[in-house]
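Here is what each chain is made of, one letter per residue.
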Amino acid sequence: MNSSCWIPVRVGALGAVMAGFILAASPAHADRVEKHFAVQSKPKITVRNSSGRIQVKAWSRNEVLVAWTNASGKSVVETEEAGNRVEVSTRVNEDGVSADDSKTDFEITVPVESELNVRTDSGNVTVDSVHGDMTFDTVGANLQLSDVDGYMVVKTIDGSLVCNRCSGKLEANSISGNVQMIQPTLDSVRVQTSSGNIFFDGSFLSRGIYIMKNFSGTIEVHFTSSDSFDVNATSLKGDVINQASFKPDTHGSPHTASKWGHSLFGTLNEGHAKVELSSFSGTIKILKRD
Amino acid sequence: MQCEQFERILEQQDDGALPKPALDHVEACEACRALSTDFYSIHDMALELGAEGIAPPERVWISLRNQLEAERLIHGAQAAPVASAQTSPGWWAVFQRPAVAGAFLGLVLAAASAVGYLSNFAQTAVQSQWVAPQQETSPVPSADSVFKEEVLTVGNDSIPGLQRQDTAVTDSIRRNLRIVDNFIAICEKSVREQPDNQMAREYLYGAYQQKAELLATATNRSMTGGLQ
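Residues numbered from 1 in each chain as written. Chains lettered and ligands numbered in written order. Predicted model: local features only at pLDDT ≥ 70, side-chain atom pairs only at ≥ 80, totals over all residues.

Summing up its helical and strand segments, chain B has 9 helices and 0 strands in all. Listed by position from the N terminus, the elements making up chain B come as α-α-α-α-α-α-α-α-α. Counted over contacts in chain B with a minimum sequence separation of 6, partners at least 24 positions apart contribute 72%. (Helix = DSSP H or I, 4+ residues; strand = E, 2+ residues; numbered from the N terminus. Contact = placed C-beta atoms within 7 Å.)

Listed below in structure tokens is the structure:
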């Protein structure tokens, strides 16, 4: 073979190599990216993501694993680690990027005992088995907490909150989102929503305080006959439906029913917990668990 | 001198110079020197902000004035509190600072609340049969609606990155503003009909508070084109 025959082969090979380089240098947008952070126990993790799903789960390692995908490649994820603090945030590099393009999905694995700070606009947030204080600030994102324990503060505009087997203290504030607490072992509940519904199906712990308030939705509370709590339920324009056999409240000053709306005061068993239910025009239901 | 003592002196001193022991301490202590520098920076910035004469858009004042006149809380052709000539050319840049915007939001909401309460109070006091003009039929947009529009469009043309704002988020904020406004209207009606209904008053107060928080969230999201 003479040298002239080699030229096309060499050009072809060079082209293939260059194409390989170009492919390697291009961001593989939909690819999953991972970052590991070595932490001590009880790290503080902050996540700020405007759009996209955020899943947080726990493991037994002293390490935070942050994995994300951004399908469009137009969103940049920035991470910062300082001491026992890890911060993750997204931003877009150019103007005019749509919400869909800036959407970034996160899977974050943290030590069981971790403090969480999550701020997002849209996209659902799920947290599993993390024990530590948590704050969530969302606009439309729904939030699902499962088997978590700590002081949880939730602020959302129309996102809903589902709390499965949550322990500790819960403060939640929403305008049109629903709040559900299923099998909770919470000793402090302060939940407020305007047009959303509130559902509580769990135990009222001794010394616990449970305040649930809405404007127009339904408040539904389930109890067992062995529960021990004082109740004060008032709906200004709606009904109060009660299946409990309350006796008059013997704690504190005697209650006088307001001349406005429907009220119910009473004590079940010793009245160890305190339950306050309030609605403007919604229905309050105090139902016996099957 | 200990750092704690220095901090107390720093807090208590007005505009005068620090006493000599404090000056000696600040020379020797790096942390207190940094604290002192920050303190003076904040102080100077506060003075600058005050000197800039921050003013909201004229149409907000005009609208507020019209609303007050319409509700007969003020009379006659009073001059708008802020004329355009008085508006500092740099006010918009200042307004873009979330803290200042938040304060502005608070002021306007407080004004709106005061208008509502004063209106209710006046109506209750004189047992007047006069009915406030319906917003739908009024040729003048209410201060509230102007302000709402202001908040939701703030910086649309001037803040880079706003275009990427999620329309679902904007829709959500608008939808929830309508919900809260509706609650405010219902609560106000209840309070007017039952002035001694404390629970209705509490709900009205809560709805105003919720609206303030919602507007603050809207401003914050608009200001930053998303999250900050």
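Next up on the list: the sheet that holds strand E19 (residues 219-223) of chain A. All names here are of chain A. Taken in spatial order, the 12 strands line up as E1-E4-E7-E3-E9-E11-E13-E15-E17-E19-E24-E21 in an open sheet, and their pairing is mixed. Of all the strands in the sheet, the pair left with one neighbour each is strand E1 (33-38) and strand E21 (240-242). Along the sheet, successive strands turn relative to each other by an average axial angle of 10°, direction set aside. Where strand E3 (residues 54-59) lies against strand E9 (residues 125-128), 4 bridges are found, and the strand directions are parallel. (Pairing = 2+ DSSP bridges. Axes fitted to C-alpha atoms, helices over the stretch in contact; angles between N-to-C directions.)

Turning our attention to the pairing of E9(A). All names here are of chain A. Along E9, the buried face is formed by Val 125 and Val 127; none of Thr 126 and Asp 128, which line the opposite face, is buried. Where E9 meets strand E11 (residues 143-146), 4 bridges bridge the pair, whose relative direction is parallel. In the strand pairing of E11, Val 127 is matched with Leu 145. (Buried ≥ 20, exposed ≤ 12 C-beta atoms within 10 Å, placed from the backbone.)

On to the sheet that holds strand E16 (residues 185-193) of chain A. Paired through their backbone hydrogen bonds, the strands of a sheet run either parallel or antiparallel. All names here are of chain A. Strand order in the open sheet formed by 12 strands is E5-E6-E2-E8-E10-E12-E14-E16-E18-E23-E20-E22, and the pairing between neighbours is mixed. The open sheet has two edge strands, strand E5 (75-82) and strand E22 (262-268), and neither has a second partner. Geometrically, the sheet is characterised by an average inter-axis angle of 10° between neighbouring strands, direction not taken into account. As judged from the 7 bridges shared by strand E12 (residues 149-156) and strand E14 (residues 167-174), these two strands associate in the parallel manner. The partner of Tyr 151 across the bridge, within E14, is Lys 169.

The next subject is helix H8 (residues 167-193) of chain B. In an α-helix there are 3.6 residues to a turn, and that puts residues three or four apart on one side. For H8(B), with 27 residues, the first-to-last C-alpha span of 39 Å sits near the 39 Å given by 1.5 Å per residue. By the burial criterion, the buried members of H8(B) are Val169(B), Ser172(B), Ile173(B), Asn176(B), Leu177(B), Ile179(B), Val180(B), Phe183(B), Ile184(B), Cys187(B), Ser190(B) and Val191(B). (Expected span 1.5 Å × (residues − 1).)

Tallying the contact residues gives 25 residues for chain B and 28 residues for chain A. Among the elements of the structure, H8 and helix H9 (198-224) of chain B are those that each provide at least two residues to the side of chain B that touches chain A. In terms of residue count, the dominant contributor to the side of chain B that touches chain A is H8(B) (9 residues). Residues that form the side of chain B that touches chain A fall into these classes: 12 nonpolar, 10 polar and 3 charged. (Nonpolar A, V, L, I, M, F, W, Y, C, P; charged D, E, K, R; others polar.)

Looking now at the environment of Leu268(A). All names here are of chain A. Structurally, Leu 268 can be placed in strand E22. The exposure class assigned to Leu 268 is buried, which follows from the 23 C-beta atoms found within 10 Å. Filtering out sequence-adjacent residues up to four positions away, Leu 268 remains in contact with Phe 223, Asp 227, Ser 228, Phe 229, Ala 244 and Phe 246.

What follows covers helix H2 (residues 20-28) of chain B. Residues and elements named next belong to chain B. Of the positions making up H2, those classed as buried are Ala 22, His 25 and Val 26. Looking straight down H2, one finds that the buried residues subtend no more than 95° of arc, so they occupy a single side. Away from its buried face, by an angle of more than 90 degrees, H2 presents the exposed residues Lys 20, Pro 21, Glu 27 and Ala 28. (Arc of directions from axis to C-beta.)

All right, on to unusual backbone geometry then. All names here are of chain A. Of note in this structure, Arg 207 is not a glycine but carries a positive phi near 70°. Along the polypeptide, Arg 207 turns up in the loop between strand E17 (198-201) and strand E18 (209-214). Despite not being glycine, Asn 269 shows a phi value in the positive range, around 55°. Relative to the assigned elements, Asn 269 resides in the loop between E22 and strand E23 (273-279).

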